[in-house]
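# Coordinates in review
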Amino acid sequence: MTTTAMDIGQKELPAGWKWVKLGDVSESIRGVTFKSQDSSKEPQGGYVACITTSAVQTKPDWSTARYIPVNAVRKNQQMLQYGDILVSTANSKALVGKSCMVDELPFDCAFGAFVTVIRPSIGIEHLWLANYLITDAARGFFYKKSSATTNISNLKTTDLLNLQIPLPPLEEQKRIAGILNKAEEIKKLREEADKKTEELIPAIFHEMVGSRIKKGEELPDGWKWVKLGDVCEVNPRRPSALNVAEDKPTTFVPMTCVDENSRGISRLENRPFTEVAKGYTYFEENDVIYAKITPCMENGKCTIATNLLNEFAFGSTEFHVIRDSERINNNFIYQIFRQEKIRRKA
């Protein structure tokens, strides 16, 4: 069924485009229901991989897969296919409706009950559809339609399929999808280049700084030995009052989101403030966060926190937080902690 712009209060579309419901151009498939005690962290005979809502990130996080009995998969449709779109339909209010596309299948894999798969119809470009589902318009629709509960919000399948989508002609879909594919290729090349650069920088830093000085030796002019705590704040206290609404989206950073090999946070999660305000580590924009547990510390899990909603965030309790001052720069602190010598002593 198609609708017009007047029907849903949207702007007029380009010639040849039309408004359609998601359910008109795709089918929805409910995930597999299984008991937690029946699943396994390791593969075994008679079991198949299964991902749950925690795997729905920018791309599917295959490392979160568990293994469930094959007979728990009641329908062939519940096995993932290339081009499927995973939608988290049971999650926190801020994350419900989050989605990503299956652009590779490293192994045969099913999906759990808190995930709904959107499988585009023939003649619909899956990349076009996947990209629309992550727009502010789509996410706002899902947020509005999801149920409001303390911990878990649910998005009904009927509401999901009622999402209005601007659908261009197939040739235009292909043209746009082609542009998106090229952009994705460029992004991958950039990520590879950034990783190689990040591996090189500690070596350059060591050559410029670390190899030139040893404790007890004379330092270059203007240099001096100091304790870290004398020039920056280590694990600064959280402000006594954060004037934030309970349901306001707030950045959350699990330990798994800090990469060992490249600078930056691989994934920023947004959760309601009330979910993260207690029991987690508080930090602010441009703070250095550094793992304080084995083996994450030795592996180099360290980054500068940037792009945080409202310029603050919460994260794993296993982070140290280092805040710079007028006497020391956060990038310099970061490079110190990236040194292999420092990590070995840790």
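See the structure shown above.
Everything in this summary refers to the structure shown in the same document. Everything numeric here is computed off the predicted structure, so don't read it as measured data.

Time to look at the sheet that holds strand 20 (residues 319-323). Ordered by their spatial adjacency, 4 strands build an open sheet running 13-20-17-18, and the pairing between neighbours is antiparallel. Only two strands of the sheet have a single partner each, and these edge strands are strand 13 (233-234) and strand 18 (302-304). Here 4 bridges tie strand 17 (residues 288-291) to strand 20, and the two strands are oriented antiparallel to one another. Within the sheet, the bridge partner assigned to A291 lies in strand 20 and is F319. The sheet strands contacting helix 9 (residues 330-337) are strand 17, strand 18 and strand 20, and the helix crosses strand 18 at an angle near 170°.

So, about the pattern of salt bridges. Taken as a whole and assessed by the stated rule, the structure comprises 7 salt bridges. Across the pair E269 and R271 runs a salt bridge, and its minimum N-O distance is 2.8 Å. As far as burial versus exposure is concerned, E269 and R271 are alike and both buried. Shared partners join several salt bridges into a network, and the residues in it are E284, D287 and R323.

Right, let's talk about the sheet that holds strand 19 (residues 312-315) for a bit. Taken in spatial order, the 4 strands line up as 15-14-19-16 in an open sheet, and their pairing is mixed. Since the sheet does not close on itself, it has two edges, and those belong to strand 15 (269-272) and strand 16 (281-284), each with one partner. Taking each pair of neighbouring strands and ignoring which way they run, the sheet shows an average axis angle of 45°.

Right, let's talk about the nonpolar core for a bit. In terms of nonpolar packing, the biggest core is built from 26 residues, with L22, I85, I118, L129, L163 and I165 touching the most fellow members. Going through the elements one at a time, strand 2 (18-21), strand 6 (85-88), helix 2 (126-133), helix 3 (136-145), helix 4 (157-161), strand 12 (164-167) and helix 5 (170-208) are the ones with two or more residues in this core. The element best represented in this core is helix 2, accounting for 6 residues. The contact partners of L129, leaving out residues within four places of it in the chain, are L22, V25, S26, I85, I118, P120, I124 and I165.

Burial within helix 2 is extensive, with 6 of its 8 residues counted as buried. Of all the positions in helix 2, only L127, W128, L129, A130, Y132 and L133 are classed as buried.

Quick notes on the rules
- Residues numbered from 1 in each chain as written.
- Predicted model: local features only at pLDDT ≥ 70, side-chain atom pairs only at ≥ 80, totals over all residues.
- Heavy atoms only, no water.
- Pairing = 2+ DSSP bridges.
- Helix = DSSP H or I, 4+ residues; strand = E, 2+ residues; numbered from the N terminus.
- Contact = heavy atoms within 4.5 Å.
- Axes fitted to C-alpha atoms, helices over the stretch in contact; angles between N-to-C directions.
- Salt bridge = Lys/Arg side-chain N within 4 Å of Asp/Glu carboxyl O.
- Buried < 20%, exposed > 50% of the residue type's maximum accessible area, 1.4 Å probe, protein only.
- Core = buried A, V, L, I, M, F, W, Y, C linked by side-chain atoms within 4.5 Å.

Coordinates in, geometry out; function isn't part of it.
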